[in-house]
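Summary of the model geometry
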Amino acid sequence: MSVAKVRTFTEPPNARVGSSSFRTGELKGIIHINHRHCVGCDTCTKVCPAGAISGGIGTTHRIEIDRCINCGQCLTNCPFGAIEQMAFIEEVLRKLRDKETLTVAIIAPAVRVAISEEFGAPPGTLTVGRLHKALKEAGFVIYENNFAADQTILEEGTELLGRIAYWLLGLKEFEIEVWGKKIKVGLEHFKHKPLPQFTSCCPGWVRYAELYYPKVLPHLSSCKSPQQMAGASAKTYGALDIWKHDPAKVYTVGIMPCTAKIFEASRPEFCHAQKWLEEHGRLPQRSQRIPDVDAVLTTRDLAALFKKLNINPMRFSEAETPQDFEWYSGGATIFGTSGGVMEAAVRFAFHILSGEEPDALSSAWDFKQVRGYTNPVVEATIQVPLKPAYRELLGSDRFELRVCTVNGIGTDGSHLKPIINDAIAGRSNFHFIEVMTCSGGCLNGGGQPVNPMGTSWIDPLLPLRL
Amino acid sequence: MKKMVVLRHSTPSRIMHNVHMICWIVLAVTGFAVYFKLVGEEVRAAFMQWHIYFAIPLTLVTLGYLVVTPDRAFMFAKELLSWDRDTIAWWKNLGGYPYKFFKIGSPGCPPQSKYNAGQKAFALSVVATLAILIVTGWSLYFVPQALGKLWTYIFFMLHVWLSFLVTLSLLFVHVPLSIYYWPDFKAMFRLGPGTVPLEYAREHNPKWVEKELALLKEEGGSPGH
Ligand code: HEM
Ligand code: SF4
Ligand code: SF4
Ligand code: SF4
């Protein structure tokens, strides 16, 4: 049915030539409206967070790529299947066939609850072991993005505490204890990193900030997204120490619920593995760029790839014995849903500041008040009891951690703009703000299977447009 | 003696019919020109604006008819929905029309009430389509994002293809037949009263005339002047 079908196209020849809002290397036009199929219903305009779609009701709509943040929300919400996505399925298939290449699948948490839909199972069916086995059958080795997201939360949580220590306590150095290890964090560089801290793992939001609110950029966490952390570590630590494979012949594939990740992987600064390998003499100095993540497949693309290879993940059993990068804490699995990054970060901060040990089974460690559900913006204050060392520093026995979850940027930034404006003007009440471009979070990302009944609309219908 | 006439179309009904007609023509021209991309991009944008503007009186007049003259609306609905044996018998040879025009089938027409069976069926389909067009049209205009993809798709397809079917049947059945029934046509469009000659009504709608006369006898008036 056209409602659920998504057409794809391969990378056109000039897609990486720099122009206006694109640097050389960055992919242009990942999301494209097919003029033949657009009937001008205007649904896409209403869900576009960036005001990037032009065209009145009844007329053919167009995406202004210089304004577009590649989130794919227009695509999954177009009732007429008129919006298409750039895909790299053929390229990945070629790499899988090449015996010299080690092809690594970096699988995001939101994929596991969606891919089964493409194979006839009910939405939400959990597919972890089955997905891993299907990927291995296709010829991938696995780097769970859950593992990279664990790293992200350690980094991002530490950064948050660092900003708080520098800006609220006036400290120049801060000591935290993780797994019994005391780590000193230098705080001088936080001079340029004010509060509130915003999350940085959503590439739709990062491009939104770059295009529309460059002043807010110092507020964004300096951590890379899990996908980019995974790519860089797969090509260094993974290649050299775990798989013992020539890093130049490691091909990393992000498998993401997200079309903006396709763009993220193409950003020219993301070749940190190459830099490290060259600096450490593990690669000859070379001019050709080696990206940390070579290609991104959306959940839909992966399903198409499986179908081409005649693999049905639902055929396998869930039980598995994880190896290497298939291990993870599980604390970051909730990154796929609105409020997930926030909840994981709050747990980390709570653990560090209170000195209490997290308990996966205790509801005391659930911070439901930060979850987005169907609210466009959620604000919460978390009372964090302080361990003695911090009590003295703060002169109080608790710290009020004030956080905010933006559950989708909203039509033309409607959810987000007031919050950014407050942050830029120094009026913000929050310490930490999570921004996900897509309402509901990545579960509802632009790369997910298209459910014909679905809509991403969570806003009220009034006031009516007249 | 003055020619006896009978009131065929009341003023509210005529207002409704004629506003509907004008709006429908504009809506059809603009809607199909846009859907089939018969005109350039800019004209399409303007046409869609006109489409919306003309949908407003269409909707208001329909609602107004229901709210201001509910008795008329009720009588109209009752007439369209009362199907007796003669109404059903009409379908056997389509009231003898194919015979009259093309010498196909058999002649003869069972006595019909205010509207014959064909008109009833046609009017019912127009009323249903109108309701669907109003509901789908305004939903598509105001809240496509909230309907969900499937319903937007269904609403859109219903809107386009029902309006297409009904426009075709208006053009090729309703318009030619109404011109053929010239007195009826005049009753609708002339500036004077919406009446037809009694004799004409007796011939085409005997049951209706009987009913009206019976009513008048009760009230002690005359059928018209
Ligand atoms: C009250 C009545 C009506 C309203 C509120 C209405 C509203 C609309 C709207 C909002 C659209 C745009 C749909 C879209 O592009 O998503 C549309 C399209 C259309 N309408 Fe109507 N309409 C009405 C009546 C009619 C009638 C009476 C006809 C025909 C006789 C008609 C024929 C069409 C056609 C063919 C289209 C498709 C144009 C396209 O491709 O966008 N409409 N209408
Ligand atoms: S949602 Fe699809 S059909 Fe509707 S205007 Fe946008 S591209 Fe065109
Ligand atoms: S909805 Fe997202 S992908 Fe579509 S045009 Fe807007 S910013 Fe680009
Ligand atoms: S919310 Fe998730 S799926 Fe949506 S653009 Fe951001 S990272 Fe991608």
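Residues numbered from 1 in each chain as written. Chains lettered and ligands numbered in written order. Predicted model: local features only at pLDDT ≥ 70, side-chain atom pairs only at ≥ 80, totals over all residues. Heavy atoms only, no water.

1. Things to note about a nonpolar patch on the surface
Residue and element names in this part refer to chain B.
- Nonpolar side chains collect at one region of the surface, where Phe 101, Phe 102, Ile 104, Leu 168, Leu 171, Phe 172, Val 173, Leu 177 and Tyr 180 lie side by side and expose about 890 Å² of accessible area between them.
- Contributions of two or more residues to the nonpolar patch are made by α5 (97–102) and α8 (149–180).
- With 6 residues, the top contributor of residues to the nonpolar patch is α8.
- The residue Phe 102 is located in helix α5 in this model. (Patch = residues over 30% accessible without salt bridge, like charges linked within 9 Å, V, L, I, M, F, W, Y side chains within 5 Å. Areas by Shrake-Rupley, 256 points an atom, 1.4 Å probe, with all protein chains shown as cover. Salt bridge = Lys/Arg side-chain N within 4 Å of Asp/Glu carboxyl O. Helix = DSSP H or I, 4+ residues; strand = E, 2+ residues; numbered from the N terminus.)

2. Brief notes about the interface of chain A and chain B
- In this complex, chain A contributes 32 residues to the contact, which on the side of chain B involves 22 residues.
- Both sides together, the interface formed by chain A and chain B hides about 2200 Å², and carbon and sulfur atoms give 68% of it.
- Here chain A and chain B share 0 salt bridges between them.
- The tally of links from chain A across to chain B stands at 8 residue pairs in polar contact (both at pLDDT 80 or more).
- Sorting the residues of the side of chain A that touches chain B by element identifies α1 (43–47) and α2 (73–77) of chain A as the ones contributing at least two each. (Contact = heavy atoms within 4.5 Å. Buried area = accessible area lost by both parts, 1.4 Å probe. Polar contact = N/O pair within 3.5 Å; in protein donor to acceptor, adjacent residues only side chain to side chain.)

3. Details of the site of ligand 2
- In the region of ligand 2, 14 residues are neighbours, and Cys 38, Cys 41, Asp 42, Cys 44 and Cys 78 of chain A sit closest.
- Tallied by class, the residues present in the shell around ligand 2 amount to 10 nonpolar, 3 polar and 1 charged. (Near = heavy atom within 4 Å. Nonpolar A, V, L, I, M, F, W, Y, C, P; charged D, E, K, R; others polar.)

4. Concerning the pattern of salt bridges
Residue and element names in this part refer to chain A.
- Throughout the structure, instances matching the rule amount to 32 salt bridges over all chains.
- Two residues, Glu 137 and Arg 315, come together in a salt bridge whose shortest N-O distance is 3.4 Å. Residue Glu 137 is found in helix α4 (residues 129–138), and its partner Arg 315 is found in the loop between α10 (299–308) and α11 (340–354); the two are separated by 178 residues along the sequence.
- Since its relative accessible area comes to 46%, Glu 137 is described here as partly exposed. (Buried < 20%, exposed > 50% of the residue type's maximum accessible area, 1.4 Å probe, protein only.)

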